[in-house]
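# Residue-level structure breakdown
Here is how the chains run, residue by residue.
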Amino acid sequence: MAVPILKQGKYLIASIQSALTDSDMVSLREDLMEQVGRYRSRGIIIDVTALDVMDSFASRSLRNIAYMTKLRGAETVLVGIQAEVAYAMVQLGTNLEEVNTALDLEEGLAFLDQLT
Amino acid sequence: MLVDGSPPSGESSEEIVGIASDADVVTARHTGRRVAESVGFTGSDLTMISTAISELARNIIRYAVTGEVVVSPISEGSRVGVMVVARDNGPGIPDLDLAMRDGFTTGTGMGLGLPGARRLMDEFAIASQVGEGTTVVVKKWTRGL
Ligand SMILES: Nc1ncnc2c1ncn2[C@@H]1O[C@H](COP(=O)(O)OP(=O)(O)O)[C@@H](O)[C@H]1O
Ligand SMILES: [Mg+2]
């Protein structure tokens, strides 16, 4: 299922609605890269509240999205990582340290407002 | 907890998910979560079990193309848990010690699937034969009653 991306001023907000397949994740990257260019967005929020699992593929994809869009001038914030998901990510050993995170959408927007 | 007092073991309650596309990876982890819930797992245990299944199922797609994931409730004495078997008839793994190392990948992954699945679960076993295939068996037990 495709991830809806909402344009809100100079930001893009991608809200993951359900479990994502790997190809959904690849489409999300392509869509965000395209829209960052088209709208000259300065910030991106990816809401992962609905993600049941953040496995190594999802982690790597989100890290790559954050880096690729940064090269295009946009700062990415990941919001809504659930406590259980965070716990499993630590056991798995994935590292998202270089990716900005915030507790929820509101905090994510506040973070971007400070930066941009 | 167990529904209608039926024993957690037995062929009838095992669930088999054929793995042939990335949508099947999602189905496998949802199936795993459902079986684990029926056994009595909650919270982060459910997420850890689904995450391990996701890694093992993706390895099947990536390296063996097709295979299957079997999730079953298990019991041993008074303890209950869940067992996940991920098997394929793919190319096999020539060096298991190397494959189990954090960060080792022959593809473009993070190299965390196998070692991560071992950390996420309580028990981990892997058998692989080059040219024959790979079978990974993982188990997790509930933390008592
Ligand atoms: N089912 C499998 N069949 C063949 N090779 C496998 C299988 N699962 C894992 N491997 C091998 O083990 C390596 C490590 O796997 P893993 O820890 O999941 O990391 P990654 O998938 O990121 O490479 C893989 O790169 C691959 O070479
Ligand atoms: Mg893997």
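Quick summary incoming for the structure in this document.

About the cut-offs
Residues numbered from 1 in each chain as written. Chains lettered and ligands numbered in written order. Predicted model: local features only at pLDDT ≥ 70, side-chain atom pairs only at ≥ 80, totals over all residues. Heavy atoms only, no water. Near = heavy atom within 4 Å. Polar contact = N/O pair within 3.5 Å; in protein donor to acceptor, adjacent residues only side chain to side chain. Areas by Shrake-Rupley, 256 points an atom, 1.4 Å probe, with all protein chains shown as cover. 1 Å grid on protein atoms, 1.4 Å probe; cavity = no way out; pocket = protein on both sides within 12 Å on 5 of 7 lines; lining within 4 Å. Sits in = over half its atoms within 2 Å of the grid points. Helix = DSSP H or I, 4+ residues; strand = E, 2+ residues; numbered from the N terminus. Axes fitted to C-alpha atoms, helices over the stretch in contact; angles between N-to-C directions. Parallel < 35°, antiparallel > 145°, perpendicular 65-115°, else oblique. Left-handed = near helix turned anticlockwise from the far one by under 90°. Contact = heavy atoms within 4.5 Å. Buried area = accessible area lost by both parts, 1.4 Å probe. Salt bridge = Lys/Arg side-chain N within 4 Å of Asp/Glu carboxyl O. Nonpolar A, V, L, I, M, F, W, Y, C, P; charged D, E, K, R; others polar.

## Structural notes on the site of ligand 1
Residues and elements named next belong to chain B. Within the structure, ligand 1 sits among 18 residues, and N59, Y63, T105, T106 and G111 are positioned closest to it. A distance of 2.8 Å separates an oxygen atom of ligand 1 from a polar atom in the side chain of N59. Within the backbone of M110, one N or O atom sits 3.2 Å away from an oxygen atom of ligand 1. When isolated, ligand 1 has an accessible area of 530 Å², and the protein chains bury 93% of it. The cavity that encloses ligand 1 is the largest pocket. Of all the secondary structure elements, the ones that give two or more residues to the shell around ligand 1 are α2 (43-64) and α4 (113-120). Considering every element that reaches the shell around ligand 1, the biggest residue donor is α4, with three residues.

## Remarks on the packing of helix α3 (residues 83-92) of chain A against α2(B)
Helix-helix packing is described using two parameters, namely the angle between the two axes and the distance between the axes. Relative orientation of the contacting elements α3(A) and α2(B) amounts to 50 degrees, with a least axis distance of 8 Å. Relative to α2(B), the element α3(A) is oriented oblique. α2(B) is crossed by α3(A), and the crossing has right-handed handedness. Residues E84(A), V85(A), Y87(A), A88(A), Q91(A) and L92(A) of α3(A) pack against G43(B), S44(B), T47(B), M48(B), T51(B) and E55(B) of α2(B).

## Examining the interface of chain A and chain B
Residue-level contacts link 22 residues of chain A with 23 residues of chain B. Summed over both sides, the interface between chain A and chain B buries roughly 2000 Å², with carbon and sulfur atoms accounting for 57% of that surface. Remark: the boundary between chain A and chain B carries five salt bridges. Its salt-bridge partner being R29(B), residue D52(A) comes within 3.3 Å of it at the nearest N-O pair. The tally of links from chain A across to chain B stands at twelve residue pairs in polar contact (both at pLDDT 80 or more). Taken together, the elements giving at least two residues each to the side of chain A that touches chain B come down to α1 (22-39), α2 (56-71) and α3 of chain A. The element best represented in the side of chain A that touches chain B is α3(A), accounting for six residues. In terms of residue class, the side of chain A that touches chain B is built from nine nonpolar, seven polar and six charged.

Just geometry here; none of it tells us what the structure is for.
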